[in-house]
Each structure stands twice: as C-alpha cells, then as structure tokens.
Amino acid sequence: MSNAPLMPKATAVWLVDNTALTFDQVADFTKMHPLEVRAIADGDAAQGIKGMDPISNGQLTRQEIEKGEKDPNYRLKLEESKVTLPPAAKKKGPRYTPVSRRHERPSAILWLVRNHPELKDAQIMRLVGTTKTTIASVRDRTHWNASTLTPMDPVTLGLCSQIELDFEVQRAAKEKPTDVAYGGATLLPASETTRKEAEFEPSEKQRDDLNVDAVFAKLKTIGGKKPDDEE
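Within every chain, residues take consecutive numbers counted from 1 along the sequence as written. The predicted nature of this model means local features are confined to residues of pLDDT at least 70 and side-chain atom pairs, given and counted, to a pLDDT of 80 or more, with totals for whole chains, interfaces and linings taken over all residues. Side-chain metrics in this entry use all non-hydrogen atoms of the structure; hydrogen atoms and water are not considered.

## A few points about the packing of helix H2 (residues 23-30) against helix H3 (residues 34-42)
How two helices sit against one another is set out by the angle between their axes and by the gap between those axes. Lines fitted to C-alpha atoms define the axes, with helix axes restricted to the stretch in contact, and inter-axis angles between N-to-C directions lie between 0 and 180 degrees. Each helix is a run of DSSP H or I of at least 4 residues and each strand a run of E of at least 2, with the numbering of both proceeding from the N terminus. Closest axis-to-axis distance for the H2/H3 pair is 8 Å, and the angle between their directions is 115 degrees. With respect to H3, the element H2 is oriented roughly perpendicular. As H2 runs across H3, the sense of the crossing is right-handed. On the side of H2, the interface is formed by Phe23, Asp24, Val26 and Ala27, while H3 contributes Pro34, Val37, Arg38 and Ala41. Here the contact of H2 with H3 is built from residues that sort into six nonpolar, no polar and two charged. In what follows, roughly perpendicular refers to angles from 65 to 115 degrees, roughly parallel to angles under 35, roughly antiparallel to angles over 145, and oblique to any angle outside these ranges. By definition, any crossing whose near helix is turned counterclockwise from its far helix by less than a right angle is left-handed, and any crossing with a clockwise turn is right-handed. Residues count as neighbours in contact if any of their non-hydrogen atoms are within 4.5 Å of one another. Here the term charged refers only to Asp, Glu, Lys and Arg, the term nonpolar to Ala, Val, Leu, Ile, Met, Phe, Trp, Tyr, Cys and Pro, and the term polar to all other amino acids, Gly among them.

Encoded structure:
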C-alpha cells in the first residue's frame, strides 16, 4: 500500500512492542526506514512516544498481523477506513506569499494599479496576497519605499499565474459599468447637412416686376401720359 497509517512512528512503536513482525515488515507498513525501526527496538529512537494500536483504530486486523508473523516475506496491508471525512473547505483569505518574495509585493501592486486600474482592492489582494492598507499606501505614494518602487509584473515575480491575472482582469471589465460621457464635438447628421434650402417665393410686387408684360404696360402708360397731367 502506498498510504501510511496515522501516526506512523507511534504505530511502529506498538508493532515492535506487541508483535513478532520483522523490522522490514514494520518499516514497510509504516513507510519508515528499517534502521529507524531497529533504533526504536533498541531504545535509541522514539523515546517517550506512546505506541498506538493500529487494530483499535481499524488500520490493521489481528488476522493480518498473524499472516505477517507466520511469513517474514509477507507485507501487511493497510485497511481502508470505513469513515469518509468530508474534504476540508478552502478558507478564503489573502494569498500566502513566501517571505523571500514579500518585499516584491509593493512593486507588483504598483504595476497592477498602473496597468489595470479597473481592478478592485479585493482582486489585487487575491492576486498578490496583500492588504488594503498596503494597496492604499502604494496608490497614494505614501508607502515607506515609494521613492524606489519600480512597477513589476506579478506574473514575472511569481506571485500569481497569467491565468489568474487574466481572470481577474476579465471579471473587472464585466463588472465595470459603461460610462456615458460627453465625447466632444461630432459631425452633424446627414439629414441636416443635406437639408434643402426653402425655395424662393417672390412677393406680389416682385412678381409684377418680373412680369415682362406688366413692365411694358407700365412703360406705355408712362409714355402716353398727357402734359396736363404733369405737375
């Protein structure tokens, strides 16, 4: 079996003290080195460790131990647990960052703030494992090392993966509302630029002036006026 029993060293202590199994058999079952099992038997190792009975916790059966005691070449088989534990829920919190890389987080924050201003503080916290206080100090340039900070890609620094960064950026882009703002002067619509001017509508007097017959009629009247009519 590839799985080791619970508390292998305590189990080895119990098997050495309570069975006739060989060192190799105990070592194979507990996934320990045979010399370490021999040291336990000689009292040179695991001093003060109380042995744990693998039979009582269901990891071995008495019949399995008897098979091993009869045949030194037999390898004990770990019993499958009848109790299925639910998977541990993943705790939500800031990403753990190794101590050796923690001094690089402000540079990564500065890069994210400059290149992806749409990211929320919570998203930056998930990506680089930082706090809101640190993010605020980098934004406001009040960080103690602000004068020497150089923006650096968190993916290059190994603080997050490219897939994680792309996911957060796409998520921020979807959540960001579209701003409807004045975009400057625009071209007039074609309906206005191609609007036809209203046709010229001459007045009655202008129509009379343009009427050739009326003009000649006036000339005849003026030419035929008698001298007595003149003032």
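Having seen the model, we can carry on.
## Remarks on helix H9 (residues 162-175)
Compared with an ideal rise of 1.5 Å per residue, which puts 14 residues at 20 Å, H9 spans 20 Å between its outermost C-alpha atoms and is within 8% of the ideal. The rule is simple: take the accessible area with a 1.4 Å probe, protein chains only, and divide by the maximum for that residue type; under 20% is buried, over 50% is exposed, in between is partly exposed. Taken together, the buried positions of H9 are Leu165, Glu168, Val169 and Ala172. Down the axis of H9, the buried set is contained in an arc of 100 degrees. They therefore lie on one face. For H9, the exposed residues lying more than 90 degrees away from the buried face are Ile163, Gln170 and Lys174. Contacts made by the buried residues of H9 are with helix H5 (105-115), helix H6 (121-128) and helix H8 (154-157). By this rule the span expected of a helix is its residue count minus one, scaled by 1.5 Å. Read the arc as the range of directions from the helix axis to the C-beta atoms.

## Digging into the side chain of Ser137
Relative to the helices and strands, Ser137 resides in helix H7 (residues 132-139). On the basis of relative accessibility, which here comes to 12%, the residue Ser137 falls in the buried class. A distance of 2.7 Å separates a polar atom in the side chain of Ser137 from the backbone oxygen of Thr134. Apart from residues lying up to four places away in sequence, Ser137 is in contact with Thr142 and His143. Side-chain atoms alone can form a polar contact between residues adjacent in sequence; in general such a contact is a pair of N or O atoms within 3.5 Å, and within protein one must be able to donate a hydrogen while the other accepts it.

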